[in-house]
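# Structural features, examined
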Amino acid sequence: MKWHKSALVFLSLVMIFCAFLGTCLAAERENIQNFLEANRAYEAGDLTRAIRIYEDLAAHAGVSASLCYNLANSYARNGQTGKAVLEYERALLLAPGNADIHTNLERLRQAKGLFQKDIPWWQKMGGLLGLNQWTVLAAIILLALALFHLGTLRFAVLRRFSSSLTAACLLLFCLCSAGGAIQYRNWQQAVIIAPDARLLLSPFDGAGSTGIIEEGRLIRIIKRHDSYALINDENGRSGWVPDSSFAFIAMTMADNKKPL
Amino acid sequence: MVLWLLLAILGAATVSHAAASMVSASLDPRSFSVDQAATLTITINDGDGTIGELPQVDGLDFERRGQSSQHQWMNGSLSSSVSTIYQVQAFRPGSYTIPSISITVDGKQLQTEAIAFEVTPAAAVVPQQGGGVAPLPLTGDEAGQLAFLRVTSVKGKSYVGEVLPLEIKAYFRRGLRASLNSQPRLNGDGFVLTQSNKEPAQTEEVVDNVPYAVLTWPGTLSGIKEGRQNVSITIEATLLLPDKRRRSAPLGGDPFFGNDIFADFFNQQQLQEKKIQIVSKDMALQVLPLPTEGKPADFSGAIGKFDLQVKAQPTEVGLGDPITLTMTVQGTGNFDRVDAPVLSRTEGWKSYSPSSKMTAGARVGQGSKVFEQAIVAKDMDKTTIPPLSFSFFDPEAGKYQTLRSDPIPLRVTKDENAGKNEQLSSGANGQGASNNTTAKDAGSGDGQGRPDGAGARAGENGAGQAGHPDASGMNLAPLHSQLGSLQQGLLPLASRTSFQIVALISFLLLVAVISLKIRARRLANNPALCRHREMVQLLEYSLREIEKSRQQGNTQDFLAVCRKAMQEQLGFIWQTEPGAITLADLRQRLAPDAELITLFATAESGAYVVESPLSRQEMVEYAGKLERELRQLQ
């Protein structure tokens, strides 16, 4: 009687797991179908429809490098430079080494005159890997070092070998941390998405303007005041802009559900 | 008698001559304008004299400026003179006479000669900007002030963002020494005051016959908050005023080491600093919101009066060659809000971001802004560059205006060198093919350069304006066909809790392992510590054995284990073989009254006795004592 009860519980759990797995697979299949449908709309030149489907997918299912890239392409072809740059930058965060993303972002910037200053060598080195890759690498090095030393408690290892390995691991860990810190700066950037954004002298309506800031420019937020932010652009210009004129590259799902 | 008379006449003449030469007064110059001053010098030669009160003359003002002394040794005789200097100012033009001034020299009353002079009208006054408009008369508040501030009249009503030129004038009574401590500052938060970085212009003005030194700042006011507001301007200055306390002292100076004496000697005047804040009258200004009705889609916030000129070069290009549009917006208004004009039709055109250069005009708010923008024709069938439009709000008319340029004829060829050839030829003839077109009224078509109404342009500013050209010509890499793994949001891995836990565990594990290794290494390098540790371990083992044998109740075994434990612990301490330690050794090496000797003796005797010497209770007490003694050895 007792084993009957146990079997019943086990079967219930298996059924719940299977139902969950089925739901997940169905959702994934639907996401893929939507993605392909948006791709077809893009190829057919129906950019508005393609953008709408990509945006819905990103808001409800999440983002991937390919989704951000395809959405960016749609924006770029639709003339929405700011949002295109934003999505290319997001795609680059997820897939830093992807050549397609780099190429299209570069072409878009050239076409729109959004030229960037040469970045110093140390920033180039930091850009070899993405933030997550640097972080994972640093964590792996730390864990491997810990396991190695745990092993040396049980098995005898040459002291010189142990010291050299420890020093090398710590050096690599520091390099990974530095790379991660450089990449983390990119995660804190935002992109101007409003086509008529202006740098204002003060954070309120009707304040004097110090100039136009082009759509698609990368900016950093220095501080916030009500619905305005004091920003600094790639060329060192600073001023206040309304919150509605830019979007952060890094985001949560809640951010992504908000209309841009 | 005759001789006495001659001598008396000669003596009187000599005295008279001496008296005449002892005091004198002179005025320099004898003719000056009301905005200038003359210097009156009263000189006393070879004597100690006191100048009495200066005569009161209607329309004249005397101000003592200092005293100087001169000593001269000539032909064996010493001569000296003391000169007192006054500044003479006239309030109005006319002929004046300074009457004789009474001076007491060595107890004698002497008089200077009267001085006649002319005061002319203020011919030297610098003409004022705007055609030499006569300054307004002094108001009641200004009349008694040494300095005051005026702001040229600003129109009472303006729109948000509208630039209102103004002139700030600070008036200082002439002759007053003053220094500025601040730039003009606006009181009130509804406006922004913008000034040029240049130094203020310095002029002189006569207001109600009073001469003033005037500092003038040109600037602009811009309303940033709607509604009625009171604003005023403030500047801070330091005035250097004569120290009246000292001047009014008896005999004109301090009785003890009076500074006036030394100051006068070095031709200085005692001055005191007085910090003042000069505030202009409140101006009641009303700021109106911009109307929403008829607002053009491309309105960027420009308010004022503007003209538009557009040039394009070259106008004969190869397909894909850039054409440079030079767009000049000139006029009066808030140029910071003036954006580049936009193409009315962008289909088939690719536009680049425009650059701009601002050139300020002669007056504040005037100027011209030149935009250069590259555009590229994407089709060969283009025959004109479409009109460019620029919208602004005209505050005088109270409505939005849109300027529109004429279409510029264009020829697009397949020849890639077409544009280059044309540029060369245009450089040669000085005119070239550049098309210069002036904005004209699109609605009326009369070509007078008047702007049309905003409504005329409504609905034409469709999608794909200059800011959003179709980017299909960018040759983008193809779409990705694989969706990839989706993730919720785009947050760094390091900010996720699961990753943080793994990283923390790795870190703690590493720290723990390294700590263990350090401890093990320290132990290995310290024999005393090792021995102590072994001793402790041995003791714990022995105590466990003692407890086991006690529970079994076998007295012989119990005492044997106790004896062995004592031997082992003492052997560790004495570095000898434990089995060789006897009661004699204990008696020799421990204190005579040591408890351990008694315990060892009991254990040794009991080990060889067949009959149990200890009850269970005694075993418990024995074990307790032994444990205490052995732990003390640690």
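Residues numbered from 1 in each chain as written. Chains lettered and ligands numbered in written order. Predicted model: local features only at pLDDT ≥ 70, side-chain atom pairs only at ≥ 80, totals over all residues.

On to the overall build of chain B. Check the secondary structure of chain B and you find 11 helices and 35 strands. Taking all 634 residues of chain B together, 25% fall into the buried category. For chain B, restricting intrachain contacts to residue pairs at least 6 apart in sequence, the fraction spanning at least 24 positions comes to 73%. (Helix = DSSP H or I, 4+ residues; strand = E, 2+ residues; numbered from the N terminus. Buried ≥ 20, exposed ≤ 12 C-beta atoms within 10 Å, placed from the backbone. Contact = placed C-beta atoms within 7 Å.)

This paragraph deals with the overall build of chain A. Summing up its helical and strand segments, chain A has 9 helices and 7 strands in all. Burial status across chain A gives 37% buried among its 260 residues. Taking all contacts inside chain A whose residues are at least 6 apart in sequence as the whole, residues at least 24 apart take part in 57%.

It is worth spelling out the sheet that holds strand β8 (residues 102–105) of chain B at this point. Residue and element names in this part refer to chain B. Here 3 strands make up an open sheet; going across it, the order is β4-β8-β9 and the pairing antiparallel. Sheet topology places β4 (49–51) and β9 (108–111) at the edges, where each strand pairs with a single neighbour. Along the sheet, successive strands turn relative to each other by an average axial angle of 30°, direction set aside. Judged from the 4 bridges that link them, β8 and β9 form a sheet pairing that is antiparallel. Opposite V105, over in β9, you have K108 as the bridge partner. (Pairing = 2+ DSSP bridges. Axes fitted to C-alpha atoms, helices over the stretch in contact; angles between N-to-C directions.)

Its place among the elements puts A:E37 in helix α1 (residues 2–43). Note: C-alpha distance between A:E37 and A:R49 (12 residues apart in sequence) is 9.5 Å.

Residue and element names in this part refer to chain B. By the element assignment, N554 lies in the loop between α7 (527–552) and α8 (555–574). N554 sits in the partly exposed class, given 14 other C-beta atoms within 10 Å. Measuring from C-alpha to C-alpha, the distance between N554 and R616 comes to 9.4 Å, with 62 residues separating the pair along the chain.

Here the focus is the interface of chain B and chain A. With 48 residues of chain B at the interface, the matching set in chain A holds 58 residues. It is helix α6 (residues 497–524) of chain B that contributes the most residues to the side of chain B that touches chain A, 10 residues altogether. Grouping the constituent residues of the side of chain B that touches chain A by class yields 25 nonpolar, 18 polar and 5 charged. (Nonpolar A, V, L, I, M, F, W, Y, C, P; charged D, E, K, R; others polar.)

The next thing to look at is α8(B). The α-helix advances 3.6 residues per turn, and as a result positions three or four apart in sequence lie on the same side. Residues and elements named next belong to chain B. Helix length check: α8, at 20 residues, gives a terminal C-alpha distance of 28 Å against a target of 28 Å (1.5 Å per residue), a fit within 8%. Along α8, the positions that sit buried rather than exposed are T555, F558, L559, V561, C562, R563, A565, M566, Q567, Q569 and L570. In the stretch just after α8, Q575 is the one whose phi turns positive, near 60°. (Expected span 1.5 Å × (residues − 1).)

Residues and elements named next belong to chain A. One finds Y54, L67, C68, A72, A91, V191 and V241 to be the most contacted residues of the largest nonpolar core, which totals 54 residues. Inspection of this core shows a minimum of three residues originating in each of domain 1 (2–112) and domain 3 (189–257). Once you skip the residues sitting within four places of it in the chain, A72 turns out to touch A84, E87, Y88, A91 and N104. (Core = buried A, V, L, I, M, F, W, Y, C linked by C-beta atoms within 7 Å. Domains from an automatic or database assignment.)

Residues and elements named next belong to chain A. Packing of helix α3 (residues 65–77) against helix α4 (residues 81–94) brings their axes to within 8 Å, and their N-to-C directions diverge by 160°. The angle between α3 and α4 falls in the class roughly antiparallel. For the pair α3 and α4, the crossing hand works out as left-handed. Across the interface between the two elements, A65, C68, Y69, L71, A72, Y75 and A76 from α3 touch K83, A84, E87, Y88, R90, A91 and L94 from α4. Looking at the contact of α3 with α4, its residues break down into 11 nonpolar, no polar and 3 charged. (Parallel < 35°, antiparallel > 145°, perpendicular 65-115°, else oblique. Left-handed = near helix turned anticlockwise from the far one by under 90°.)

Residues and elements named next belong to chain A. Contact geometry of helix α7 (residues 131–154) with helix α8 (residues 159–187) gives a least axis separation of 8 Å together with a crossing angle of 160°. The angle between α7 and α8 places the two elements in the roughly antiparallel class. Of the two possible hands of crossing, α7 and α8 adopt the one that is left-handed. Of the residues assigned to the contact of α7 with α8, the class counts are 16 nonpolar, 8 polar and no charged.

Any region with low pLDDT has predicted coordinates that should not be read closely. Residues with a pLDDT of 70 or more make up 96% of chain A, whose mean pLDDT is 86. Per-residue pLDDT, averaged within each element of chain A, yields its smallest value for helix α9 (residues 253–257) of chain A (51) and its largest for α3(A) (94). (pLDDT = per-residue confidence, 0-100.)

Let us look at α7(B). All names here are of chain B. With 26 residues, α7 extends 37 Å between its outermost C-alpha atoms, agreeing within 8% with the 38 Å of an ideal straight helix rising 1.5 Å per residue. Considering only its buried residues, α7 is in contact with α8 and α11 (616–633). Following α7 by one or two positions, G553 adopts a phi angle in the positive range, close to 85°.

Time to look at the sheet that holds strand β10 (residues 115–120) of chain B. Note: strands within a sheet are paired through backbone hydrogen bonds, in either parallel or antiparallel orientation. All names here are of chain B. As summarised here, the arrangement of the 3 strands in space is β2-β10-β7, forming an open sheet in which the pairing is mixed. Each of the sheet's edge strands pairs with one partner strand only, and the pair in question is β2 (31–33) and β7 (94–98). Each adjacent strand pair in this sheet contributes to an overall mean axis angle of 30°, direction not counted. By the bridge criterion, 5 bridges tie β7 to β10 in an arrangement that is antiparallel. Its bridge partner being in β10, G94 is matched across the sheet by V119.

For a regular strand, side-chain orientation follows a simple rule: the groups alternate between the two sheet faces. Residues and elements named next belong to chain B. For strand β30 (residues 388–394), the tally of buried residues reaches 6 of 7 residues, placing the bulk of the element in the interior. In this sheet, β30 lies alongside strand β25 (residues 342–343) in antiparallel orientation, the contact comprising 2 bridges. Pairing of V342 across the sheet is with S389, part of β30. Here β30 pairs with strand β31 (residues 399–404) via 6 bridges, running antiparallel. Bridge pairing in β31 places S389 opposite R404. Between β30 and the antiparallel strand that follows it, β31, lie 4 residues; G398 among them carries a positive phi value of about 75°.

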